[in-house]
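Observations on the model geometry
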Amino acid sequence: MATIDTIKDLLQENLDINPDDVTEESTFESLGIDSLDMVELICEIEERCDVEFGEPEGLATVGQLVEYVDGL
């Protein structure tokens, strides 16, 4: 499964965000994702994708998150 699809699934499961509303250009702010939601999302991505995030900084869009995860 592509990283963007995994993120869309997690956003739908955990935050009830419609996957059709999520694009690589979507900002977390525009999706209503706050810092607590982001921490939970990162934990879920680490578990689902079997990666270790570290401390990512400057991630503002879904596309930046996908690029970061794919680079791990």
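The present account deals with the structure reproduced in this document. (Residues numbered from 1 in each chain as written. Predicted model: local features only at pLDDT ≥ 70, side-chain atom pairs only at ≥ 80, totals over all residues. Heavy atoms only, no water.)

Vacant regions in the atomic arrangement are exposed by a probe of water-molecule size rolled over the atoms. The tally for this structure, following the rule as stated, stands at one cavity of 30 Å³ or more. Lining the largest cavity, in full, are Asn14, Leu15, Asp37, Glu40, Leu41 and Glu44. Taken together, the elements giving at least two residues each to the lining of the largest cavity come down to α1 (3-15) and α2 (35-49). The leading source of residues in the lining of the largest cavity is α2, at four residues. (1 Å grid on protein atoms, 1.4 Å probe; cavity = no way out; pocket = protein on both sides within 12 Å on 5 of 7 lines; lining within 4 Å. Points joined across faces, edges and corners; volume = space filled by probe spheres on them. Helix = DSSP H or I, 4+ residues; strand = E, 2+ residues; numbered from the N terminus.)

Let us look at a negative patch on the surface. A grouping of Glu24, Glu25, Glu67 and Asp70 is seen on the molecular surface, where their side chains present a negatively charged patch. Its place among the elements puts Glu25 in the loop between α1 and α2. Residue classification places Glu25 among the exposed residues on the basis of a relative accessible area of 63%. (Patch = residues over 30% accessible without salt bridge, like charges linked within 9 Å, V, L, I, M, F, W, Y side chains within 5 Å. Areas by Shrake-Rupley, 256 points an atom, 1.4 Å probe, with all protein chains shown as cover. Salt bridge = Lys/Arg side-chain N within 4 Å of Asp/Glu carboxyl O. Lys, Arg positive; Asp, Glu negative; His and termini not counted. Charge placed at Lys NZ, Arg CZ, Asp CG, Glu CD. Buried < 20%, exposed > 50% of the residue type's maximum accessible area, 1.4 Å probe, protein only.)

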